[in-house]
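Secondary and tertiary structure notes
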Amino acid sequence: MKKMFLAIVMLVGLTTWAQEKEGSKPEREKLSPQQRVDLQVKRMTKDLDLNEKQISDVRALVTKENEKREAKRAEMKEKKEMNAQIRKEAKAYIEKERAAADAEMKKILTPEQYAKWEKIRDERKANMKEKMMERREENGMERDLEPIKK
């Protein structure tokens, strides 16, 4: 009975503690860059007892660092978008090449051979996808894969 009571008290305590943490975080995304600089300078002034010259120097430094950080963030976002575009173009190219190869194979093989070849290809694709999922699970990467399109 004591263990059960202790477990319930701990569960309630942890739950309320976790909720306090989530609600107490300031939402920095809603602050403007200037507001973030002001907040950081205020904290440093309070913690380090800065004089006026130090405050102006710290403000300049923090502003410069925030601008660098924002520029880097924008650059990374642009690269991510470019990489997505490159992947999309590569996927379109591969699908176009695959369709051309399929058309050539269809010309070479008889209809029965082509149907059998397609069936074998689809089975191999399914086996490969299954092996990829197994490897991901072994490596702790258990996210869902998008279905492979023809």
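Structure report, in brief. (Residues numbered from 1 in each chain as written. Predicted model: local features only at pLDDT ≥ 70, side-chain atom pairs only at ≥ 80, totals over all residues. Heavy atoms only, no water.)

So, the overall build of the chain
Looking only at helices and strands, the chain features four helices and zero strands. Taken from the N to the C terminus, the helices and strands of the chain come in the order α-α-α-α. Across the 150 residues of the chain, 7% fall into the buried class. Look at the contacts in the chain between residues 6 or more apart in sequence, and 27% of them connect residues 24 or more apart. Total accessible area on the chain stands at roughly 14000 Å², and carbon and sulfur atoms take up 58% of it. (Helix = DSSP H or I, 4+ residues; strand = E, 2+ residues; numbered from the N terminus. Buried < 20%, exposed > 50% of the residue type's maximum accessible area, 1.4 Å probe, protein only. Contact = heavy atoms within 4.5 Å. Areas by Shrake-Rupley, 256 points an atom, 1.4 Å probe, with all protein chains shown as cover.)

Description of the pattern of salt bridges
Applying the stated rule across the entire model yields ten salt bridges. Arg-59 is the salt-bridge partner of Asp-38, the closest N and O atoms lying 2.4 Å from each other. Remark: Arg-59 occurs in helix H3 (residues 52-108) and Asp-38 occurs in helix H2 (residues 33-48); sequence separation between them is 21 residues. For Asp-38, a relative accessible area of 27% corresponds to the partly exposed category. (Salt bridge = Lys/Arg side-chain N within 4 Å of Asp/Glu carboxyl O.)

So, unusual backbone geometry
Note: most peptide bonds trans; most residues except glycine with negative phi. Even without being a glycine, Asp-49 presents a positive backbone phi close to 55 degrees. Relative to the helices and strands, Asp-49 resides in the loop between H2 and H3. Here Asp-49 falls in the exposed class, since its relative accessible area comes to 67%.

Quick look at the nonpolar core
By size, the foremost hydrophobic cluster in this structure holds six residues: Val-37, Val-41, Leu-50, Ile-55, Val-58 and Val-62. The element contributing the most residues to this core is H3, with three residues. (Core = buried A, V, L, I, M, F, W, Y, C linked by side-chain atoms within 4.5 Å.)

Concerning the packing of H2 against H3
At a closest axis distance of 10 Å, the pairing of H2 and H3 adopts a crossing angle of 140 degrees. The orientation of H2 with respect to H3, classified from their angle, is oblique. Crossing handedness for the pair H2 and H3: right-handed. Note on element contacts: H3 touches H2 through Ile-55, Val-58, Arg-59, Val-62, Thr-63, Asn-66 and Glu-70, opposite Pro-33, Gln-34, Arg-36, Val-37, Asp-38, Gln-40, Val-41, Met-44 and Thr-45. (Axes fitted to C-alpha atoms, helices over the stretch in contact; angles between N-to-C directions. Parallel < 35°, antiparallel > 145°, perpendicular 65-115°, else oblique. Left-handed = near helix turned anticlockwise from the far one by under 90°.)

Looking at the packing of H3 against helix H4 (residues 111-138)
Packed helix pairs are specified by the crossing angle of their axes together with the interaxial distance, meaning the distance between the axes. Packing of H3 against H4 leaves a shortest axis separation of 9 Å and a crossing angle of 140 degrees. Relative to H4, the element H3 lies oblique. Judged by residue contacts, Asp-102, Met-105 and Lys-106 of H3 engage Tyr-114, Trp-117 and Arg-121 from H4. Each residue belonging to the contact of H3 with H4 can be placed in one class, and the counts come to three nonpolar, no polar and three charged. (Nonpolar A, V, L, I, M, F, W, Y, C, P; charged D, E, K, R; others polar.)

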